[in-house]
Amino acid sequence: MAFSLSQIDVALHRSDAFAKIDLSIEKWLETERERIGLWAPVMVALGIGMWFALPQKTHWMAWIGLCCTLTLLALRLPRGGRLRSLLICGILIAAAGCILIWAKAIAVWQPPLERPVFTRIEGRVLAVEPQPARNQVRLMLQPTEGRRDLPARLRVNVSVDDLPEGAGPGGIVAFRARLMPPAPPAVPGAYDFATRAYFMGIGATGRALAPIDVIQPSQRGGIELRARLADHIGRRLPGPEGAIAVTLATGDRGRISDEDAEAMRRSGLAHLLSISGLHVSALIGTVIFVIYRLLALSPRLALSLPLMLIAAGGGALAGIAYTLFTGAQVPTVRACIAALLVLGALAVGREAISLRLVAVGALVVLIIWPESLVGPSFQMSFAAVTVIIALAEARWFRALTHARDETRLRKSMRAVLALLSVGLAVELVLTPVAMFHFHQAGMLGAFANLIAIPLTTFVIMPVEALALALDLFGLGAPLWWVVEAALGLLLTVAHAVAAHPLAVWTLPWFSGGALAAMALGGLWFIIWRSSVRWAGVAGAVIGGAAMLFTPAPDLLVTGDGRHMAVRQPDGGMALLRGQAGDYVRDVLSGSGGNGEGRENAAALSSLENEDNARCNRDLCSVTIRKRERDWTILATRSNLYVPWRQMIDACARADIVVSDRRLPVVCAPRWLKLDRTRLREAGGVAVYLGQPMWEGVSQPNDDHPWVVGG
């Protein structure tokens, strides 16, 4: 019976069906063969992302093991096919991404300070970052030998009035300071400085207390070139325009006021304040244009030398010098690498602007700085460049923008339409990234950038560079007037757009899985060219729906238990401690979905003024009404002793208890106790009463090296 005709027939039909499926997949991959390589950086990013998302070493090893297992299974596919090679390479690259970031974390290995300490520090100054807008200077220090109780690198803030002469790079200073471990997110969705500090090698932060003693003065002979240039520009343009001009020239953002920085952020122009692709490409393009035009004035040189290649070499040197001069921050270095790849492609006669270039640039950055994947800078810059190039490859966009014989008015209108299309496309892909990291996105950024980008690229930066050159001969004054007028227009646009009621769209914190689904769906749609690309829309829609329909938290509690924000019936939030500082207000307002910024943070009220709360000096009881039931929240407000019986009874009547102290075991609320012990494990907490559920910043037994005690 085992070899009956009916069973043989079924087996043949099955193998026939599999063969047809395999053949159709191979035909599809053949048509897409030029795009397959674009998935290499995506798979590296997937492996890196899994290392960040999974909390424990056993999970990282399990991911690598899973990749190896899938590779062995892929080896059983028929030889010679693209599918077999694609799966094997892609899975191994995903495993390599996890190994890469794990190895980088081990290589850095700068454990953070375990607990706050108040101590006297003697150390060598590694770097000085002036922040005039905050009346302080930020010092990077390396403690002297023998202080094994301190991390190898510290970052401290010093008041400008307390900083003595000679406390520059290379000098040795001594002072007393209260040092803290680099701060983890205060609540879910808040800024994660601890992760960034770990990969920067910073093990502790704090503020120096006067007096500051100079043990060994700096030997660098006066002020650094960057600081001298910043002071020179500041003297030429003493107002807020000068602060922007200093940022564009040196990368120093410390002079920009909080009001201007917030206006730039709300208007979608904050990217102009970060030295990145726009600034590097504008400088390189200007240098190439000037060198090429000057050399072309000589007929002999024009006929005997490759002028474009020489000009490109000059532009490359200018880009490298600008990157080093502005501090060689990761976004600037990334932009410089991309620009050099473009120039290299031009030099060898290859197509310079393509998705292959973006893929190579992303791969280089991820190999050198794998930790940059989870930062907004990497995500926003590569998302913007990818969508711009994908748009340039689209047939309808080429039909819109290709040169044709028509009037200047129609050409101008076509150029404006193309620029607006690019702006809208970039805003569309950057909105989820901005929502995830900042909980808000500029809705009018495309229109603001329509003015700001050409103004910065073709007027502000070239004229400022020329003004600095002419200042060597004392002839730059007229050009500084132009720079001031252009920057004044830029700030006017920023403040006008930021003040519009529709300028900012806010959302509460949502899971990184939603952002990953949108990113993978968008990449699937952009990379493939055949009709299968439309499957990516489904992933993007699923991720977008998860982002849009994520509920706002009803309760936010910071990791130290001191601050709590409670959702009110009108949608606003009320604070347990109404006198909380601007930073705490900003964090709670942003993660709660009410938007960041002074205006939104100031709108947070105090619980003692709300009708649904009863507060005294020691305790505060809040009632939140939901459709299913009412919830009672009890929170401590002081460190004073509360009578034992009174505390036990109050805990028993509450559903949730929040405290910055360790509560006794007999304090047993009906659902959740968030005291010092629980918050030390979970970090900041977001509570959703509709489900009900809660989420913390930290996961149990987290092995990431920046987690204190991890």
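Everything here concerns the structure above.
About the cut-offs
- Residues numbered from 1 in each chain as written.
- Predicted model: local features only at pLDDT ≥ 70, side-chain atom pairs only at ≥ 80, totals over all residues.
- Heavy atoms only, no water.
- Helix = DSSP H or I, 4+ residues; strand = E, 2+ residues; numbered from the N terminus.
- Buried < 20%, exposed > 50% of the residue type's maximum accessible area, 1.4 Å probe, protein only.
- Contact = heavy atoms within 4.5 Å.
- Disulfide = S-S within 2.5 Å.
- Expected span 1.5 Å × (residues − 1).
- Polar contact = N/O pair within 3.5 Å; in protein donor to acceptor, adjacent residues only side chain to side chain.
- Core = buried A, V, L, I, M, F, W, Y, C linked by side-chain atoms within 4.5 Å.
- Axes fitted to C-alpha atoms, helices over the stretch in contact; angles between N-to-C directions.
- Parallel < 35°, antiparallel > 145°, perpendicular 65-115°, else oblique.
- Phe/Tyr/Trp six-rings, centres within 6.5 Å; stacked < 30°, edge-to-face > 60°.
- Pairing = 2+ DSSP bridges.
- Left-handed = near helix turned anticlockwise from the far one by under 90°.
- Nonpolar A, V, L, I, M, F, W, Y, C, P; charged D, E, K, R; others polar.
- Patch = residues over 30% accessible without salt bridge, like charges linked within 9 Å, V, L, I, M, F, W, Y side chains within 5 Å.
- Areas by Shrake-Rupley, 256 points an atom, 1.4 Å probe, with all protein chains shown as cover.
- Salt bridge = Lys/Arg side-chain N within 4 Å of Asp/Glu carboxyl O.
- Right-handed = clockwise from strand over helix to strand, strands pointing away.

## Some points on the environment of Ile233
Here's step 1: Looking at the secondary structure, you find Ile233 in helix H6 (residues 225–236).
Here's step 2: On the basis of relative accessibility, which here comes to 0%, the residue Ile233 falls in the buried class.
Here's step 3: Once the C-alpha coordinates of Ile233 and Ala245 are considered, the two residues, 12 residues apart in sequence, prove to be 7.1 Å apart.
Here's step 4: Residues in contact with Ile233, not counting those within four places in the same chain, are Gly242, Ala245, Val246, Ala249, Glu464, Leu468 and Trp480.

## A closer look at the state of the cysteines
Here's step 1: Within this structure, the stated rule accounts for 2 disulfides.
Here's step 2: Residue pairing for Cys615: its cysteine sulfur links by disulfide to Cys620, the two sulfurs lying 1.8 Å apart.
Here's step 3: For the protein chain, numbering the cysteines in disulfides from first to last along the sequence yields the connectivity 1-2, 3-4.
Here's step 4: Looking at Cys67, it has no disulfide partner, and the nearest cysteine sulfur is the one in Cys68, 6.9 Å off.
Here's step 5: The cysteine Cys98 is free of any disulfide, with Cys67 supplying the nearest cysteine sulfur at 7.8 Å.
Here's step 6: Overall, the relative accessible area of 0% leaves Cys98 in the buried class.

## A look at helix H19 (residues 512–527)
Here's step 1: The end-to-end C-alpha separation of H19 is 22 Å, in line with the 22 Å expected for 16 residues at 1.5 Å each.
Here's step 2: The inward-facing, buried residues of H19 abut helix H2 (40–53), helix H13 (355–368), helix H14 (376–393), helix H16 (408–438) and helix H20 (535–548).
Here's step 3: Capping the start of H19, Ser511 holds a side-chain oxygen 3.1 Å from the backbone nitrogen of Gly513, two or three residues further along.

## Brief notes about helix H5 (residues 193–200)
Here's step 1: With 6 of its 8 residues buried, H5 lies for the most part within the structure.
Here's step 2: Within H5, the full set of buried residues consists of Phe193, Ala194, Thr195, Ala197, Tyr198 and Phe199.
Here's step 3: Buried-residue contacts for H5 involve H2, helix H4 (82–108), strand E3 (154–159) and strand E5 (204–216).
Here's step 4: The backbone nitrogen of Ala194 has a side-chain oxygen 3.4 Å away, supplied by the residue at the start of H5, namely Asp192.
Here's step 5: Backbone geometry just downstream of H5 places Gly201 in the positive-phi region, at approximately 85°.

## Details of the nonpolar core
Here's step 1: The biggest cluster of nonpolar side chains holds 44 residues, and the ones touching the most others in it are Ile233, Ile244, Met264, Leu269, Ile460, Leu487 and Leu490.
Here's step 2: Within the residue set of this core, elements represented by two or more residues are H6, helix H7 (240–250), helix H8 (258–266), helix H9 (277–296), helix H11 (307–325), helix H12 (330–347), helix H17 (445–470) and helix H18 (477–498).
Here's step 3: When near neighbours in sequence (up to four residues on either side) are disregarded, Leu490 contacts Ile244, Met264, Leu269, Leu272, Ala452, Leu455, Thr456 and Ile460.
Here's step 4: Ile101, Ala105, Ile337 and Leu366 belong to the second largest nonpolar core, which has 43 residues in total.

## Describing the packing of H7 against H18
Here's step 1: Contact geometry for H7 and H18: axes closest at 9 Å, N-to-C directions at 100°. If you check the angle between H7 and H18, you find them roughly perpendicular. Judged by residue contacts, Pro240, Glu241, Ile244, Ala245 and Leu248 of H7 engage Glu484, Leu487, Gly488, Leu490 and Leu491 from H18.

## Here we look at the packing of aromatic side chains
Here's step 1: Throughout the structure, instances matching the rule amount to 19 aromatic pairs.
Here's step 2: Ring geometry for Phe378 against Phe382: centres 4.7 Å apart, planes inclined by 45°, an arrangement best described as tilted. Separated by 4 residues within a single helix, Phe378 and Phe382 lie in helix H14, roughly one turn from each other. Each member of the pair, Phe378 together with Phe382, is buried.
Here's step 3: Feature note: the residues Trp51, Phe52, Trp60, Trp102, Tyr198, Phe199 and Trp706 constitute an aromatic cluster, connected by ring pairs.

## Let's talk about unusual backbone geometry
Here's step 1: For the bond running from Ala210 to Pro211, omega is 0°, close enough to zero to count as cis.
Here's step 2: Relative to the elements of secondary structure, Pro211 occurs in strand E5.
Here's step 3: Each neighbour pair has its own omega, and for Gln691 with Pro692 the value is -10°, a cis peptide bond.
Here's step 4: With respect to the element layout, Pro692 can be found in the loop between strand E17 (685–688) and strand E18 (693–696).
Here's step 5: Residue Asn135 is not a glycine yet carries a positive backbone phi of 55°.
Here's step 6: Residue placement: Asn135 occurs in the loop between strand E1 (117–131) and strand E2 (136–143).
Here's step 7: Overall, the relative accessible area of 39% leaves Asn135 in the partly exposed class.

## A closer look at the pairing of E5
Here's step 1: Where E3 lies against E5, 4 bridges are found, and the strand directions are parallel. Bridge pairing in E5 links Val156 to Gly206.

## Section: the packing of H8 against H18
Here's step 1: Across the interface, H8 lies against H18 with an axial gap of 8 Å and an inter-helix angle of 70°. Judged by the inter-axis angle, H8 sits roughly perpendicular to H18. As for the relative orientation of H8 and H18, their crossing is left-handed in sense. Residues Glu259, Asp260, Ala263, Met264 and Arg266 of H8 form the contact with H18, whose participating residues are Leu490, Leu491, Ala494, His495 and Ala498.
Here's step 2: By residue class, the composition of the contact of H8 with H18 is 6 nonpolar, 1 polar and 3 charged.

## Some details on a nonpolar patch on the surface
Here's step 1: The grouping of Phe289, Val290, Leu294 and Leu297 at the surface amounts to a nonpolar patch, some 440 Å² of accessible area in total.
Here's step 2: Of note, Val290 is situated in helix H9.
Here's step 3: Look at Val290 and you get partly exposed, because its relative accessible area is 40%.

## Section: the pairing of strand E14 (residues 630–636)
Here's step 1: Along E14, 6 of the 7 residues are buried, which leaves the element largely enclosed by surrounding structure.
Here's step 2: When strand E13 (residues 619–625) meets E14, the two strands line up antiparallel, connected through 7 bridges. Across the sheet, Ser621 pairs through a bridge with Leu634, a residue of E14.
Here's step 3: The antiparallel pairing of E13 with E14 creates a hairpin that spans 4 residues between the two strands.
Here's step 4: Direction of pairing for E14 relative to strand E15 (residues 656–658): parallel, over a ladder of 3 bridges. From the neighbouring strand, Leu634 faces E15, where its bridge partner is Val657.
Here's step 5: Note that the unit made of E14, helix H23 (residues 644–653) and E15 has a crossover that is right-handed.

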